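Fold and contact review
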Amino acid sequence: MSRTTGMGTSHPPTRRAVLEGIAAELEAAGIESSRLEAERLICHALRIRRHELSLSLAERIRATEALALARTVVRRLAREPLQHIEGTVEFRDLVLRADRRALIPRPETEQLVEIISAWTRAKAAAGTTEVRRVPRPGQRSVTGRPVSLALDVGTGGGAIALSLVQEGIATRVVALDSSLAALEQARENREALGFEDTVDLRRVERSIWETTRPHEQFDLIVSNPPYVRSGAIPELAPEVRDHEPREALDGGREGLDAIREIVRGGRERLREEGALFLEIGADQGPAARDLLKPERGWRGVEIRRDLAGKERFVIATP
Ligand code: GLN
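Quick summary incoming for the structure in this document. (Residues numbered from 1 in each chain as written. Predicted model: local features only at pLDDT ≥ 70, side-chain atom pairs only at ≥ 80, totals over all residues. Heavy atoms only, no water.)

When two helices pack together, their arrangement is captured by the angle between the axes and the distance separating the axes. Closest axis-to-axis distance for the helix 2 (residues 34-46)/helix 4 (residues 63-77) pair is 9 Å, and the angle between their directions is 135 degrees. Taken together, the axes of helix 2 and helix 4 lie oblique to each other. Both helix 2 and helix 4 take part in a crossing whose hand is right-handed. The residues of helix 4 that touch helix 2, namely those facing Glu 37, Leu 41, Ile 42, His 44, Ala 45 and Leu 46, are Glu 65, Ala 68, Leu 69, Thr 72 and Arg 76. (Axes fitted to C-alpha atoms, helices over the stretch in contact; angles between N-to-C directions. Helix = DSSP H or I, 4+ residues; strand = E, 2+ residues; numbered from the N terminus. Parallel < 35°, antiparallel > 145°, perpendicular 65-115°, else oblique. Left-handed = near helix turned anticlockwise from the far one by under 90°. Contact = heavy atoms within 4.5 Å.)

Here we take up the pattern of salt bridges. Counted according to the given criterion, the structure contains 32 salt bridges. The partner of Arg 106 in a salt bridge is Glu 244, with the nearest N and O atoms 2.8 Å apart. Taken as a pair, Arg 106 in the loop between strand 2 (94-97) and helix 6 (107-125) and Glu 244 in the loop between helix 10 (238-243) and helix 11 (257-266) lie far apart in primary sequence, 138 residues in all. A salt bridge links Asp 242 to Arg 241; the shortest N-O distance between them is 2.9 Å. (Salt bridge = Lys/Arg side-chain N within 4 Å of Asp/Glu carboxyl O.)

Attention shifts here to the side chain of Arg 312. Structurally, Arg 312 is set in strand 9 (residues 311-317). Among the polar contacts listed, one links the side chain of Arg 312 to the side chain of Asp 306, at a separation of 3.0 Å. With residues near it in sequence (within four places) discarded, Arg 312 still touches Glu 108, Tyr 227, Leu 278, Glu 279, Ile 280, Gly 281, Ala 282, Arg 304, Arg 305 and Asp 306. (Polar contact = N/O pair within 3.5 Å; in protein donor to acceptor, adjacent residues only side chain to side chain.)

Moving on: unusual backbone geometry. Residues other than glycine seldom take positive phi values, yet Arg 79 does so here, at roughly 70 degrees. We note that Arg 92 has phi near 50 degrees; this positive angle belongs to a residue other than glycine. Within the secondary structure, Arg 92 is located in the loop between strand 1 (88-91) and strand 2.

With respect to the helices and strands, Ser 163 occurs in helix 7 (residues 159-166). Judged by its relative accessible area of 0%, Ser 163 falls in the buried class. Sequence separation between Ser 163 and Glu 114 is 49 residues, and the spatial gap between their C-alpha atoms is 10.0 Å. The contacts of Ser 163, once residues within four sequence positions are left out, are Phe 91, Arg 92, Leu 94 and Val 113. (Buried < 20%, exposed > 50% of the residue type's maximum accessible area, 1.4 Å probe, protein only.)

In the neighbourhood of the ligand, the contacting residues comprise Leu 103, Arg 106, Asn 224, Pro 225, Pro 226, Tyr 227, Val 228, Ala 248 and Leu 249. Between Pro 225 and the ligand, the recorded distance is 2.6 Å, taken from a backbone N or O atom to a nitrogen atom. For the ligand, the protein covers 85% of the area, taking 300 Å² as the surface of the free molecule. (Near = heavy atom within 4 Å. Areas by Shrake-Rupley, 256 points an atom, 1.4 Å probe, with all protein chains shown as cover.)

An order of 5-4-3-6-7-9-8 is seen for the 7 strands of this open sheet, with the pairing classed as mixed. Each of the sheet's edge strands pairs with one partner strand only, and the pair in question is strand 5 (199-203) and strand 8 (300-305). Pairwise comparison of adjacent strand axes, ignoring direction, gives a mean angle of 15 degrees for this sheet. Sheet topology places strand 3 (residues 149-153) next to strand 6 (residues 218-223); 4 bridges connect them, and they run parallel. Pairing of Leu 151 across the sheet is with Ile 221, part of strand 6. Packed onto the sheet, helix 11 meets strand 3, strand 6 and strand 7 (270-279) and runs at close to 175 degrees relative to strand 7. (Pairing = 2+ DSSP bridges.)

Have a look at this one:
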């Protein structure tokens with residue numbers, strides 16, 4: 001791509017040529033959305049924004065830029081997730097940290113929050129007592145009692161918990177995780193948002209339900225638990241398998257270990273007007289229905305599909 005001058009030095013390639021070269025390399029390595037990823041890698045390495053790149057494609061790459069870019073591309077070719085390289089991930093209205101400490105929140109989980117948001121709004125519109133007017137973060141009801149208390153089981157970096165507060169879906173959230181590394185990331189995300197008073201991060205030592213207090217009753221219980229079958233871990237994309245925490249993915253032999261624990265103890269911690277929201281594996285709908293039977297105290301169970309048309313979300317009510 002670079003042309004040699006008569007003086008023996010070569011012109012550095014343009015940003016456009018480099019972009020095309022990287023996109024081709026990524027594509028050859030089997031990485032989807034190679035053009036978009038190449039753009040993002042260049043923007044990251046050159047510390048510029050997407051629109052600045054598109055306006056400067058004719059510019060030639062400088063030596064220092066080429067070096068930074070080469071380092072970045074090597075990481076991506078080693079299948080490090082793009083979000084880890086960028087250090088951030090967008091989740092709903094938030095920009096959160098992304099690194100090895102916690103699972104990168106996925107678009108499916110954004111959809112889970114959307115489902116909870118719609119449910120809460122419908123509830124408020126119907127005038128039911130527990131989830132009333134959606135309060136602003138930190139706002140209290142006239143009685144001084146927090147209006148809606150949510151529990152996020154396996155919060156990871158805190159994406160769901162922080163969104164619930166940020167979007168006014170819950171006034172206060174108790175967010176649990178067994179991983180200290182994940183909780184540290186969640187703490188950083190929480191601090192960046194100033195949600196120290198509304199999101200209560202707690203470490204699960206032995207079991208989920210020993211980490212909540214016996215008198216705590218929740219309006220919402222939500223979880224994106226580890227739900228991948230142990231045996232399916234080796235088949236995951238290398239980005240996931242080799243770079244994301246296994247404990248956030250591995251749900252045991254059937255992928256149902258965490259789901260079972262949540263369902264088993266969740267019913268008695270949920271207010272009568274409340275609901276349980278879960279993200280599940282695409283083939284776990286029948287098992288979820290079975291666990292949430294009326295004789296186990298769950299009268300309503302609904303399974304919703306994700307944007308790819310797969311069964312992905314459970315809404316269960318007492
Ligand atoms: N959807 C994730 C994945 O397969 C799994 C997340 C989870 O187990 N909660 O990449």
